[in-house]
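Each chain, letter by letter, is given below.
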Amino acid sequence: MTTPFISVIIPVYNAEPFLSRCMESIQAQNYLNMEIICINDGSTDNSLELLKKFSSQDKRIRVLTQENQGQSAARNRGMQEAKGEYISFIDADDYIKNGLYDYFAENAAKVEPDVFMFNGDIIQENETTSFFQQSMFSDNVKENDVFDYRQITNYFYGNQSICNKIYRRDFLLANHLKMIEGKVFEDTYFNFMTLVKAQKIQYTLQSFYVYCNNNPSSTTKTFSENAFGLFDVFEQMEQEIKKMDLWTYFRYAIFQLEFEKLIETLGMTAAQYQKKFFELSQKLLTRKLFLLNNKICLKLKDFHLCHYLLNYNFNQFRDLVLLEQEKNKGGVSVNPIPMFSIVVPIYNVAPYLPRCIKSLQQQTLGDYEVICVNDGSTDGSGAIADEYAAKDKRIKVLHQANMGLGAARNNGAAEAKGKYLIFLDSDDWLSVNALEKMKETIENYNSPDVGLFGFERYVLEQGAFVVDKNIELFPEDKIFNFHDISDTMYLHPCAWNKFYRREYFQKNNFKFPTKVVFEDLLVHTQVLVQAQSITVCKSDLYYYTIREGSIMNSVVGDKKIHDLKIAVKNTLSYLKEHQVYNELKYSFGVFVKNAFNMHLSKMSEQQRDMFLQSIKEDSEITELLQGAI
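Just so it is clear, the model here is predicted, and its values are computed rather than measured.

**Student:** Give me the packing of helix 8 (residues 247-267) against helix 9 (residues 271-290): which residues, what numbers.
**Tutor:** Packed helices, taken two at a time, are described by their axes: the angle between them and the distance between them. The interhelical angle for the contact between helix 8 and helix 9, taken along N-to-C directions, is 165°, at an axis separation of 11 Å. On the basis of their axis angle, the class for helix 8 and helix 9 is roughly antiparallel. Between helix 8 and helix 9 lies a crossing whose hand is left-handed. Two secondary-structure elements touch here, helix 8 through W247, F255, E258, F259, L262, T265, L266 and G267 and helix 9 through Q274, F277, F278, S281, L284, L285, K288 and L289.

This is the structure in C-alpha cells:
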C-alpha cells in the first residue's frame, strides 16, 4: 500500500477550549506517516502551552510561533515549512474522524490526485448538515473517479472550506497557490483556484471532518470592517479566471458564488457595517447581472435571494431574508419585569411561525418576554413554539382548546409581566430594531398609554413589500389624545400596530371579543378614546403578511358577515355611550363603508342581497354610512 508523507497544518489562535480535542483526533489516526505543523498565531491564552505539551509527547508535532498575522499568514507559513507530499488543513476548533488518512492512502494516493475532497459534518446548535452531496457533481462522476473542474461546476456554489480536502504539495507550488493574506475569506479564493487549476480531482461522500460552529472567537462568527475584504477577493478571483480564458465558462458559477457569499456574510456582519455592505453588494450584483442572461440566472439555485437583495431596500432585506440565518439565543437572561410582553396567538401557522419568532430573537433590544398562545393548532404549530421555548427562556407557550384569536390574545395579556404590551400575529414579524425604536419613543414621551407605529404589507405570493404611508397623517413629536386624530383614528383599527402600557390596558380591563372575526375594532376604539396620552413612532416596525388562507383573506361565510355587522354595532354603541359619536362619526363611517365594500366584493350574490337588506333595515348603520359620503 502506498503510504505518502502528509503534512497536517493547524493554524492556532486562542483555541484553548478546543485545541486538545483537535490534536487528539489527529494523534488517534492509525496512519503514522505524517508531520503535524502547528502555527501559534500570537495566541494570548494558553494555546501555546498546550501545543508545547503535545509536541513534547509526540515527535511528529512541530510548533511554530509568530506574532498575530491572521489565519492566512499562518497557513502560508505552514505550507512553507511542510515537507510532505500532501497537505491537509485542520482548524484548531474542529477535529477529524479516525480513518481519514488511511482511506486517502488506500483509495486515492495511488493516482496522485491534485486535490482529494472528502465529506464532513457541520455541527451548528443541535443541527448537523453535510459539506456536500452527490448532486454537486456530474451524473457520470462517481466516488474515486478522476476528473477536473468540468464535472463539478455545481460544487462552486456550495461549501467553500479548504479543510475537507487534501492537496498535492507539488501541485500547489507549481501553480503558486497560497492564501491571500490580510483577508478573512482566504478559503473562498484558495478553494476556487485550486479546483479550477487541478487536473486530477477525486472525492468521497464519506464523512471525515467535523466543523464545530461553537467557538465565540472564530473569525467566521462576526465580521466588522474586514467583511469588505470579500469584494477584493472576488475581484482577484475574477482577474485570475480571465487570465485563464475561462471567464465565459465560469461567469454564472461565479455570479452564484458571489451572491450566496455576499448574503451569508451580510448576515454575519456587525450591525453598523451592514447597510454599507448591502449597498456595495447591490452595486456589484447589479453590474454583473447586466452582463448575464436573465433567463439563465432565473435557473440558478436560490436566485430568489439575489432578486430580493437587488429589489428590496436594506431594512426589508434585513428583516426578511437575514432572519433565516439567525440562531436561537437560549442563553439570554430573563428580566422578571421586562420592558415588553409580546403576545403571539397561534393557530395553524407552521410555515410562518419560525420567521415570526426569529424576528423577536434577533431584536436589537433583548429586554422582553414572548407569550405564545397555541389556540388548538392541528398542524404542529404548538410543537414548533415549544421547541423555541425550550431553547430560549424568554419564550413561554400556553396551550388551549381552539377558542379564537380574541381569547388567545386575552389569555396571553393576562399572563404578561412587561411594562408594555404588543400583539404580534404569528404569520407576521417585527423589524429587528422594532423594540429599540419603541423604547426610544416611550422614554422620549414619558411612558404614554398607547403608541402607534408604521408598518409594511408583505404580499406573500409576489414576495413584494408595500409601504403604508398613513402613519404620516398622525401628529409628530408630541403627546396627544383621540380628539387630535378624530379624522384619522380609523385608518387602521388593528391590535398589532400599537404598543400599550400594560398597567393602563389591564386597569381598564380591555378585552377582545371572543369567537368572532373582527375582534380588533372595539378594543381599538376603547383604547384610543380612553387614553390620556398617545404618541407615534413613525418608523415602519411591523410586517403584515397578506396571504391566501389568513383570517382576513379567507372566504366570506355567513358567520364572517354576521361578525362584521356585530363589530360595527358594538362599536357604535360604545361611541354613543361615551358621547363621542358625533366627533368620530365621519372617520368611523368611512372605515365601515370601505370594510363593507371590500367584503361585499367577496360575497355570493345571495349573501350580498341579504347583507344589503339587513343594512337598509338598520337605521343606525344607515345613518352612519350616509354621513360618510
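Still more to cover.
**Student:** Lay out the packing of aromatic side chains with the relevant residues and their values.
**Tutor:** Counting across every chain of the model gives 52 aromatic pairs. Note on F118 and F208: the rings are 6.4 Å apart at their centroids and 70° apart in plane angle, and the pair reads as edge-to-face. With F118 in strand 6 (residues 115-124) and F208 in strand 9 (residues 201-212), this residue pair connects regions lying 90 residues apart in the sequence. Judged by its relative accessible area of 0%, F118 falls in the buried class. On the numbers, 5.5 Å between centres and 70° between planes, the contact of F465 with Y543 is edge-to-face. A residue pair is termed long-range when its members are at least 10 positions apart, and F465 in strand 16 (residues 464-467) and Y543 in strand 18 (residues 534-546) qualify at 78 residues. Judged by its relative accessible area of 14%, F465 is buried.

**Student:** Tell me about the pattern of salt bridges, and please be specific about residues and values.
**Tutor:** Under the counting rule described, the total for this entry stands at 32 salt bridges. Note that K569 and D618 form a salt bridge whose closest N and O atoms lie 3.0 Å from each other. Highlighted residues: K569 in helix 19 (residues 558-577) and D618 in the loop between helix 21 (605-616) and helix 22 (619-627), separated in sequence by 49 residues. Residue D618 is classed as buried on the basis of its relative accessible area of 11%.

**Student:** Give me unusual backbone geometry: which residues, what numbers.
**Tutor:** We note that E112 has phi near 50°; this positive angle belongs to a residue other than glycine. Tracing the backbone shows E112 in the loop between helix 4 (100-107) and strand 6. Since its relative accessible area comes to 48%, E112 is described here as partly exposed. Phi angles above zero are rare outside glycine, and Q579 is one such case at about 55°. One can find Q579 in the loop between helix 19 and helix 20 (581-600). The class of Q579 is exposed, set by a relative accessible area of 73%.

**Student:** Tell me what's going on with empty space enclosed by the protein, and back it up with residues and numbers.
**Tutor:** Summed over the entire model, instances satisfying the criterion amount to one cavity of 30 Å³ or more. What the largest cavity holds in volume is close to 120 Å³. Along the walls of the largest cavity sit 15 residues, with L452, I471, F474, H492 and N497 positioned nearest its centre. In terms of residue count, the dominant contributor to the lining of the largest cavity is strand 15 (residues 450-459) (four residues). Along the lines of polarity and charge, the residues of the lining of the largest cavity split into eight nonpolar, five polar and two charged.

**Student:** Explain the side chain of K498 to me, using residue names and the numbers behind them.
**Tutor:** Mapped onto the fold, K498 is located in strand 17 (residues 498-501). Of the side chains bearing the opposite charge, D520 lies closest to the buried K498, which forms no salt bridge; the N-O distance is 6.9 Å. There is a polar contact of 2.3 Å between the side chain of K498 and the backbone oxygen of C494. Residues within four places of K498 in sequence aside, it is in contact with L421, I422, V450, G451, L452, F453, H492, P493, H524 and L528.

**Student:** Which residues make up the packing of helix 7 (residues 229-243) against helix 8, and what values go with them?
**Tutor:** Put simply, helix 7 and helix 8 touch, their axes get as near as 11 Å, and they point 170° apart. Considered as vectors, helix 7 and helix 8 are oriented roughly antiparallel to each other. On helix 8, the residues that touch L230, F231, F234, M237, E238, I241 and K242 of helix 7 are W247, F250, I254, L257, E258, K261, L262 and T265. Of the residues belonging to the contact of helix 7 with helix 8, the class tally is ten nonpolar, one polar and four charged.

**Student:** For the environment of N582, give the residues involved together with the corresponding values.
**Tutor:** Mapping N582 onto the fold places it in helix 20. Along the backbone, N582 and P354 are 228 residues apart, and their C-alpha atoms lie at a distance of 45 Å.

**Student:** Report on the pairing of strand 6, specifying residues and quantitative values.
**Tutor:** In terms of burial, strand 6 is a largely internal element, eight of the ten residues being buried. Relative to strand 8 (residues 165-168), strand 6 is paired through three bridges, and the arrangement is antiparallel. Bridge assignment links M117 to a residue of strand 8, and that residue is K165. Here nine bridges tie strand 6 to strand 9, and the two strands are oriented parallel to one another. The partner of G120 across the bridge, within strand 9, is Y209.

**Student:** Report on helix 7, specifying residues and quantitative values.
**Tutor:** Taking 1.5 Å per residue, 15 residues should reach 21 Å; helix 7 reaches 22 Å between its end C-alpha atoms and fits that length. Burial in helix 7 covers these residues: G229, L230, F231, V233, F234, M237, E238, E240 and I241. Here the buried face of helix 7 lies against helix 6 (186-197), helix 8 and helix 9. Following helix 7 by one or two positions, D245 adopts a phi angle in the positive range, close to 60°.

**Student:** Break down the pairing of strand 12 (residues 395-400) for me, with residues and values.
**Tutor:** When strand 11 (residues 368-375) meets strand 12, the two strands line up parallel, connected through six bridges. Note that in strand 12 the partner of V373 across the bridge is L398.

**Student:** Now, about the side chain of N410: what can you tell me, with residues and values included?
**Tutor:** Relative to the helices and strands, N410 is located in helix 15 (residues 405-415). On the accessibility criterion, N410 (12% relative accessible area) is buried. Those residues in contact with N410 that lie beyond four places of it in its chain are K511, F512 and T514.

**Student:** Provide a residue-level description of the environment of M603, including the pertinent values.
**Tutor:** Take M603: it is sitting in the loop between helix 20 and helix 21. Separated by 42 residues in sequence, M603 and I561 place their C-alpha atoms 8.8 Å apart.

**Student:** Can you explain the nonpolar core? Please cite residues and give values.
**Tutor:** Nonpolar side chains tend toward joint burial in soluble globular proteins. Ranked by internal contacts, the top residues of the largest apolar core, which has 116 residues, are I10, F89, Y101, F255 and F317. If you tally residues by element for this core, the top one is helix 8, at ten residues. Ranked by size, the runner-up nonpolar core spans 56 residues in total, among them F505, I534, L600 and I621.

What counts, and where the lines are drawn
- Residues numbered from 1 in each chain as written.
- Predicted model: local features only at pLDDT ≥ 70, side-chain atom pairs only at ≥ 80, totals over all residues.
- Heavy atoms only, no water.
- Axes fitted to C-alpha atoms, helices over the stretch in contact; angles between N-to-C directions.
- Helix = DSSP H or I, 4+ residues; strand = E, 2+ residues; numbered from the N terminus.
- Parallel < 35°, antiparallel > 145°, perpendicular 65-115°, else oblique.
- Left-handed = near helix turned anticlockwise from the far one by under 90°.
- Contact = heavy atoms within 4.5 Å.
- Phe/Tyr/Trp six-rings, centres within 6.5 Å; stacked < 30°, edge-to-face > 60°.
- Buried < 20%, exposed > 50% of the residue type's maximum accessible area, 1.4 Å probe, protein only.
- Salt bridge = Lys/Arg side-chain N within 4 Å of Asp/Glu carboxyl O.
- 1 Å grid on protein atoms, 1.4 Å probe; cavity = no way out; pocket = protein on both sides within 12 Å on 5 of 7 lines; lining within 4 Å.
- Points joined across faces, edges and corners; volume = space filled by probe spheres on them.
- Nonpolar A, V, L, I, M, F, W, Y, C, P; charged D, E, K, R; others polar.
- Lys, Arg positive; Asp, Glu negative; His and termini not counted.
- Polar contact = N/O pair within 3.5 Å; in protein donor to acceptor, adjacent residues only side chain to side chain.
- Pairing = 2+ DSSP bridges.
- Expected span 1.5 Å × (residues − 1).
- Core = buried A, V, L, I, M, F, W, Y, C linked by side-chain atoms within 4.5 Å.

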